[in-house]
Structures are given as structure tokens and as C-alpha cells.
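Residue-level structure breakdown
As a plain string of letters, each chain reads:
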Amino acid sequence: MNDSRPDLPYRIHALELGPMENFIYVVEDIASRRAAVVDPAWEPEEILALALGKGLTITDLLLTHSHHDHINGIEQVLESAPSARLHLLKPEAEFWGRALARPELHHGGDTLQLGETEIRFLHTPGHTPGSACFHLPAGDDLITGDTLFVFGCGRCDLAGGDPEQMFHTLKDLRTGLPRHTCIHPGHNYSVKPTSTLDEQAEGNPFLHFHDIGDFVHYRMHEHDRVRNSPYGPVRRKNAG
Ligand SMILES: [Fe+2]
């Protein structure tokens, strides 16, 4: 939540919904009263109530990826937001293979203008082939879906997962965005709901690897044996 930053054109509201600790985000453009819902799922009535309570019109739905726990409220939200458009990356739509109402397919680097708020689509494959993160450059917020969790990262052993792609994706995020960037993950799996890339570079074990083979082994064979949520920081092995 960034209500304490009055200079920004937007606010991010987080709802924790459903049995899998999903975070659903409502991005509010303050001037236009438009809202974008990221990953509408589980209890659409809660999402709609939040928008209604703040006087917002939902104009856009954004999907980080197509897994059931991130999309199972799409229809109900669209019913109540008949002019809203559904945004996802083209490779995710191809992976998903489902007929969608009012889709707008994007490529990494595309931007969406939500009133005065710019939202940039980043293609971040690894958890699924067309996973996306959404970057709000005005405040350097990053909505990360199941790509990057606070002190964790998404599984790569499900259909379409690829740990080698995840290695490169995480490296690109860590090196390509400002270190003060605030991440907003798709699940509440950690000891706290948000974090900075700087803090993740220090304490997220998935950002500690230099060797791709070591990363793949840890993601696929080791991590789930040695760690349980809520995830806390892990010290770098060679950090002393
Ligand atoms: Fe997922």
C-alpha cells in the first residue's frame, strides 16, 4: 500500500483473498478515478466492493498469468464492469489457449495508460511462458504475480514452467530496475507482504545464484525440502 506517497498519480490497494493466500491488487488512478484490477480471483464481490467504496470505475483487468487461482473471478468482474478490457501477454494467451472476452494481447515493453498512471508490461517467463510483471515507473512499484515472491519465487515444475528462464528473468529484474523498487507479489507467502528489490537481492535465496545450473537444482530439487512459508530472509552462503 502506498497511501503515504501523496506525490504519486496512483494508489495500490491489496486484497488477500481465497484459500491460497492470493494477493489481488486494485490500482487506482487518483485523477481519473479509473481502476485496474490485477489477477481478479476468488471473491469478486470484495474487489467490486472496494472499487465501489472508493468511487472507482474498473476499466482494465490485468493478468500476471493464467493459473486458476489468479483468474477465477474474471467473468464476475467483467459482468459488473462491462466496458473493461482484459490485458495479458500474447505468449500467455497462446499457452492458455482459452477463448477470452475482450482480450488485449501485449508484448513485453508495452505500456497501458490508466488515466495519469503509466503501467509497463514486463515479460517475465519461468513460472509460465507468458508470465508478466507490471511496473509503475512513477513510483517504482512492481506487481510480480508468481514470478517473484518476498524471499521466494514461483514454482517452475508445473506445465509451461522453465527454471532456466526463471533464472534469467530474476536476473533481469534485479539488474534492470531501481533497487528501491517495491515488489507486490501474487501470494502472501512471506513474513511481510511487500519488500524492495534491494532487500530481495540480500535475502532472497533465488537472487543469490551466479551459476544457472546451481539455480535450477535449487529451484527444482532443494528449495521445497529445506524451506517452509512464511519465508524469511536467507543469508548469502558466501556473505559470511
Ligand atoms: Fe501460478
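Remember, predicted model here, so these are calculated numbers, not experimental data.

**Describing the coordination of the iron ion**
Only His65 (NE2), His67 (ND1), His127 (NE2) and Asp146 (OD) from the protein coordinate the iron ion, and they sit 2.2 to 2.3 Å from it. Considering all four donor atoms around the iron ion, angles at the metal cover 86 to 173° and the coordination shape is irregular. Here the donor residues of the iron ion are spaced in sequence according to H-x1-H-x59-H-x18-D. In this pair, His65 sits in the loop between strand S4 (57–62) and helix H2 (68–71) while Asp146 sits in the loop between strand S10 (141–145) and strand S11 (148–149), placing the two residues 81 residues apart along the sequence.

**A short note on the pairing of strand S6 (residues 103–106)**
With four bridges joining them, strand S5 (residues 85–89) and S6 adopt parallel strand pairing. Bridging across to S6, Leu86 finds its partner in Pro103. In terms of handedness, the path from S5 via helix H4 (residues 90–96) over to S6 forms a crossover that is right-handed.

**Some points on the packing of aromatic side chains**
The relation between two aromatic rings is expressed through the spacing of the ring centres and the mutual angle of the planes. Applying the stated rule across the entire model yields nine aromatic pairs. For the pair Phe209 and Tyr218, a centre-to-centre distance of 5.3 Å together with 40° between the ring planes defines the contact as tilted. Judged by relative accessible area, which is 18%, Phe209 ranks as buried. The class for Tyr218 is buried, based on a relative accessible area of 8%. Through a chain of ring-to-ring contacts, three or more aromatic side chains come together here, namely Phe167, Phe206, Phe209, Phe215 and Tyr218.

**Concerning the nonpolar core**
Soluble globular proteins tend to pack their nonpolar side chains together in the buried interior. Counting 25 residues, the largest nonpolar core has Ile47, Ile58, Leu61 and Ile74 as the members making the most contacts within it. For this core, the elements supplying multiple residues, two or more each, are strand S1 (10–17), strand S2 (22–29), strand S3 (34–38), helix H1 (44–53), S4, helix H3 (74–80), S5 and H4. In this structure Ile58 touches Ala35, Val37, Leu48, Ala51, Val77, Ala81 and Ala84, once residues within four positions along its chain are discounted. Ranked by size, the runner-up nonpolar core spans 24 residues in total, among them Phe151, Cys156, Phe167 and Phe209.

So, how was this worked out
Residues numbered from 1 in each chain as written. Predicted model: local features only at pLDDT ≥ 70, side-chain atom pairs only at ≥ 80, totals over all residues. Heavy atoms only, no water. Donors = N, O, S within 2.8 Å, 3.2 Å for Na, K, Ca; no water. Tetrahedral: all angles 85-135°; square planar, octahedral: opposite > 155°, others 65-115°. Helix = DSSP H or I, 4+ residues; strand = E, 2+ residues; numbered from the N terminus. Pairing = 2+ DSSP bridges. Right-handed = clockwise from strand over helix to strand, strands pointing away. Phe/Tyr/Trp six-rings, centres within 6.5 Å; stacked < 30°, edge-to-face > 60°. Buried < 20%, exposed > 50% of the residue type's maximum accessible area, 1.4 Å probe, protein only. Core = buried A, V, L, I, M, F, W, Y, C linked by side-chain atoms within 4.5 Å. Contact = heavy atoms within 4.5 Å.

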